[in-house]
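Observations on chain architecture
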Amino acid sequence: DDRVRTGRVTVTVPENSTIKQAADLGGVDCPTFCALPEMPPGSAEPPYTSGSCGLCTVDLQLACGRTSSVCACRYRLTSAEDGAVITVHSARLDSTRDANATLLALRHRASCITCPLGSEPCELRTMLAGHDLGLERYPHPYLAPEPPDVSNPVLDVQRDNCVLCRRCERICPVGAIQFVGRGRDTSLLIDPDRCVSCGQCTQVCPAAAIVERPAIRQVREALADPDTVVTVQVAPAVRVAVGEAFGLAPGTNLIGHLCGALRRLGFDAVFDTDFAADLTIVEEAAELVDRLGTGHALPMITSCCPAWIRYVETFWPDLLPHLSTCKSPQQMLGAVTKNWWAQQVGIDPDRVVNVAVMPCTAKKLEARREEMADGPRRHVDHVLTTRELIRMLKASGLHLPDVPEETPTPMLSEGSGAGTIFGATGGVLEAAVRTVHTLVTGTELADPDVHAVRGTAGVRAATIGLGGRTVEVAVVHGLHNVPPVLQQIREGSSPYAFIEVMACPGGCVGGGGQPHGFDMAVRRQRAEGLFSTDAASPSRRSHENKEVATLRAALGDDERHRLLHTRYRA
Ligand code: HC1
Ligand code: SF4
């Protein structure tokens, strides 16, 4: 807008505001690239910027007449800058920004046709398109092409894509990312001893320098093999995010369309992870009631988030006994598919290949864990992220919203509303409370909505009435919010009996395998999609799930324990 570019506004700002914040207050657009738009809930830090992109360069003229070019995202205003004149837009600044954008472009290998972002919007290209780049003046590629670094168990690091924005360094909840070297030789390293595979770095990387290791080729090979029976399960959080790639609003629940599309991709059976979420709750609620009786290892903490498990194993191993022994829904479903369903439908379990579509990169690690197998038979063979599924659908010409809706394959597919809300922060705890209440009191919780644990505050605590007694519970999301809660347990002063922890801000709806971006408003909309599905469900309690009851009765206690529970060791 020409008027803003040439106009002048006067703003009064709080001490220590950045120039960028002052510009926002004055309604002046100031570009940025390396900045994260927001920090996760519970983070004490201000929105982050490394100041490395140079796109927010502005001219600052102090009242004394001294002028300098500064970074609007980082420069903080104090009383010393009273009366300063800041120029955000000018022909000279445009040229400076062009030059800085060119430097970013030069670091990127720019192999767009093989880029794993696929059809997702490319933030880097969108930004560069607005600049007059002088690439012809430089040799390109400027950096020698490198093969991807595959030393991380679930992530591929393509260093010659990295433009050094350093957003990943800031979003990483465990300080696993480092930038080493100087200048042109600066490069990104992920510490394998700290990384918990949460994939939040892939969510904020604008340049496909960190991406999930794809399993698409292996899944296609299994689908093409006439000797295999390929099953697929779909996690709760996937259904409310996948539509974003097809122009639908976050939160639109596409489970019916997904069932139709997955069959068209060639899957022989389509199971719903909601079923296994209900199964998990029935197992976990019984475990909690048992521990409440004996007092053993309280508080009990949920165990369905594999990045969280990895975090406890790495940083708080003495607290491992507090984890529920339940395997995650992904793994429970995989285990019972091969060990029960195959038998029911008369298929040799060794012909079954289990695929899981998850909003999560850490689920790829979970599927490979030693405990997650029955002898040589893996519970889950391949994990695809939501993003990989989107790529497969688009490659097959399937426009998801147009695919006729179908229902999942019976026996492992009935899911209650309680199972669906697993995908949002607080959902596992809420689902568990509904069932624990019934187990302890013999009566149904009058209102299944446990409002006290809803929302997106980083830590949420509530007191739950169970007949004659009450228990304290808490929900935590985002690993940066976890240490004070764990410290209380270590010191023996935790007030809680039961805690839900999800590594990703927002829970699984904000998982590292979901469509790109760190935007809590989008994550909230996805969660609302799950909560409104729950509210409209004919059954809202995991213990009412008839398929779960049938399966548990058929397995018997020993097999149920062997297949559905485990112990985590440091
Ligand atoms: Fe999750 Fe879970 S909720 S961990 O986020 O317990 O990934 O959606 O599938 O296993 O159900 C993920 C989601 C998912 C498991 C369930
Ligand atoms: Fe950090 Fe998670 Fe990325 Fe690992 S996957 S480097 S823990 S943000």
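This part covers the overall build of the protein chain. Each helix and strand in the protein chain was counted, giving 19 helices and 19 strands. Over its C-alpha trace the protein chain gives a radius of gyration of 25 Å, about what one expects of a compact globule, namely 25 Å for 570 residues. Reported as C-alpha extents along the three principal axes, the dimensions of the protein chain are approximately 80 × 60 × 40 Å. Buried residues in the protein chain amount to 56% of all 570 residues. Sequence separation of at least 24 residues holds for 76% of the intrachain contacts in the protein chain that already meet a minimum separation of 6. Accessible surface, the protein chain as shown: approximately 23200 Å² in total, 51% of it carbon and sulfur. In the protein chain, 56 side chains carry a positive charge and 66 a negative one; their mean positions are 4 Å apart.

Quick look at the environment of Val232 now. With respect to the element layout, Val232 can be found in strand E10 (residues 229-234). When its relative accessible area of 0% is taken as the criterion, Val232 is described as buried. Here the alpha-carbon distance between Val232 and Thr186, two residues 46 residues apart in the chain, equals 41 Å. Discounting chain neighbours no more than four positions away, the residues touching Val232 are Leu262, Phe267, Ala269, Val270, Phe271, Val355 and Val357.

So, about the site of ligand 2. Around ligand 2 sit 13 residues, and of these Cys172, Cys195, Cys198, Gly199 and Cys201 come closest. According to the grid-proximity analysis, the pocket containing ligand 2 is the second largest cavity. In the shell around ligand 2, the residues fall into eleven nonpolar, two polar and no charged.

What follows concerns the sheet that holds strand E17 (residues 459-466). The strand order across the open sheet built from four strands is E12-E19-E18-E17, with neighbouring strands paired in mixed fashion. Whereas interior strands pair on both sides, the edge strands pair on one side only; in this sheet they are strand E12 (300-301) and E17. As paired elements, E17 and strand E18 (residues 469-477) share eight bridges and run antiparallel to each other. Directly across from Ala462, in E18, lies its bridge partner Val473. Here helix H16 (residues 427-441) sits on the sheet and contacts E17, E18 and strand E19 (498-502); the angle it forms with E19, its principal contact strand, is near 155°.

This brings us to the environment of Pro37. Here Pro37 is to be found in the loop between helix H2 (19-25) and strand E2 (57-61). Given the relative accessible area of 64%, Pro37 is considered exposed. Measuring from C-alpha to C-alpha, the distance between Pro37 and Asp278 comes to 36 Å, with 241 residues separating the pair along the chain. When near neighbours in sequence (up to four residues on either side) are disregarded, Pro37 contacts Pro47 and Phe518.

Moving on, we come to the sheet that holds strand E16 (residues 382-385). Where strands meet in a sheet, backbone hydrogen bonds hold them as pairs that are either parallel or antiparallel. Taken together, four strands build an open sheet; the order of strands is E11-E10-E13-E16 and the sheet is parallel. Of all the strands in the sheet, the pair left with one neighbour each is strand E11 (269-272) and E16. Neighbour-to-neighbour, the strand axes of the sheet open up by a mean angle of 25°, direction not taken into account. Lying on the sheet, helix H10 (residues 273-294) is in contact with E10, E11 and strand E13 (352-358); it crosses E11 at an angle near 40°. The sheet contacts of helix H12 (residues 329-344) involve E10, E11, E13 and E16, and relative to E13 the element is tilted by about 155°.

Moving on to the packing of H10 against H12. Their axes nearest at 8 Å, the elements H10 and H12 cross at an angle of 105°. Judged by the angle between their axes, H10 and H12 are roughly perpendicular. Contacts from Thr273, Phe275, Ala276, Ala277, Leu279, Thr280 and Glu283 of H10 reach H12 at Pro329, Gln330, Met332 and Leu333. Split into classes, the residues belonging to the contact of H10 with H12 amount to seven nonpolar, three polar and one charged.

A surface patch of nonpolar side chains, about 260 Å² in accessible area, is lined by Val9, Val11 and Leu25. Positionally, Val11 belongs in the loop between helix H1 (2-6) and strand E1 (17-18).

This brings us to the layout of surface pockets. Here the second largest pocket defines a volume of roughly 630 Å³. In terms of residue count, the dominant contributor to the lining of the second largest pocket is helix H4 (residues 123-129) (three residues). Its residues assigned to classes, the lining of the second largest pocket comprises 16 nonpolar, seven polar and six charged.

This part covers the pattern of salt bridges. Following the criterion strictly, the structure yields 35 salt bridges and no others. A salt bridge links Asp274 to Arg239; the nearest nitrogen and oxygen atoms lie 3.1 Å apart. With a gap of 35 residues between them, Asp274 in helix H10 and Arg239 in helix H8 (residues 236-239) connect regions that are remote in the sequence. Residue Asp274 is classed as buried on the basis of its relative accessible area of 3%. The partner of Arg526 in a salt bridge is Glu244, and the shortest N-O contact between them spans 2.8 Å. One end of the pair, Arg526, is in helix H18 (residues 520-535); the other, Glu244, is in the loop between H8 and helix H9 (255-264), and 282 residues separate them in sequence. Classification of Arg526 as buried rests on a relative accessible area of 3%. A residue is classified by how much of its surface remains accessible, and Glu244, at 22% relative accessible area, is partly exposed.

The subject of this paragraph is the confidence of the model for the protein chain. Taken residue by residue, the protein chain gives an average pLDDT of 95. The fraction at 70 or more is 98%. If you check the scores for this complex, the pTM reads 0.95 and the ipTM reads 0.94.

Moving on: the side chain of Thr361. Inspection of the secondary structure assignment puts Thr361 in the loop between E13 and helix H13 (362-368). Engagement of the side chain of Thr361 in a polar contact is seen with the backbone nitrogen of Gly199, the distance being 3.2 Å. Excluding residues that lie within four positions of it along the chain, Thr361 makes contacts with Val154, Leu155, Ser197, Cys198, Gly199, Glu212, Thr385, Gly512 and Gly513.

Time to look at the site of ligand 1. For ligand 1, the set of nearby residues contains 16 residues, the closest of which are Ala235, Ala237, Gln330, Lys363 and Cys508. Ser328 has a polar side-chain atom sitting 3.5 Å from an oxygen atom of ligand 1. Lys363 is positioned with one of its side-chain polar atoms (N or O) 2.8 Å from an oxygen atom of ligand 1. Under a 2 Å grid-point criterion requiring more than half of the atoms, the pocket assigned to ligand 1 is the largest cavity.

What counts as what
Residues numbered from 1 in each chain as written. Chains lettered and ligands numbered in written order. Predicted model: local features only at pLDDT ≥ 70, side-chain atom pairs only at ≥ 80, totals over all residues. Heavy atoms only, no water. Helix = DSSP H or I, 4+ residues; strand = E, 2+ residues; numbered from the N terminus. Rg over C-alpha atoms; globule rule 2.2 N^0.38 Å. Buried < 20%, exposed > 50% of the residue type's maximum accessible area, 1.4 Å probe, protein only. Contact = heavy atoms within 4.5 Å. Areas by Shrake-Rupley, 256 points an atom, 1.4 Å probe, with all protein chains shown as cover. Lys, Arg positive; Asp, Glu negative; His and termini not counted. Charge placed at Lys NZ, Arg CZ, Asp CG, Glu CD. Near = heavy atom within 4 Å. 1 Å grid on protein atoms, 1.4 Å probe; cavity = no way out; pocket = protein on both sides within 12 Å on 5 of 7 lines; lining within 4 Å. Sits in = over half its atoms within 2 Å of the grid points. Nonpolar A, V, L, I, M, F, W, Y, C, P; charged D, E, K, R; others polar. Pairing = 2+ DSSP bridges. Axes fitted to C-alpha atoms, helices over the stretch in contact; angles between N-to-C directions. Parallel < 35°, antiparallel > 145°, perpendicular 65-115°, else oblique. Patch = residues over 30% accessible without salt bridge, like charges linked within 9 Å, V, L, I, M, F, W, Y side chains within 5 Å. Salt bridge = Lys/Arg side-chain N within 4 Å of Asp/Glu carboxyl O. Points joined across faces, edges and corners; volume = space filled by probe spheres on them. pLDDT = per-residue confidence, 0-100. Polar contact = N/O pair within 3.5 Å; in protein donor to acceptor, adjacent residues only side chain to side chain.

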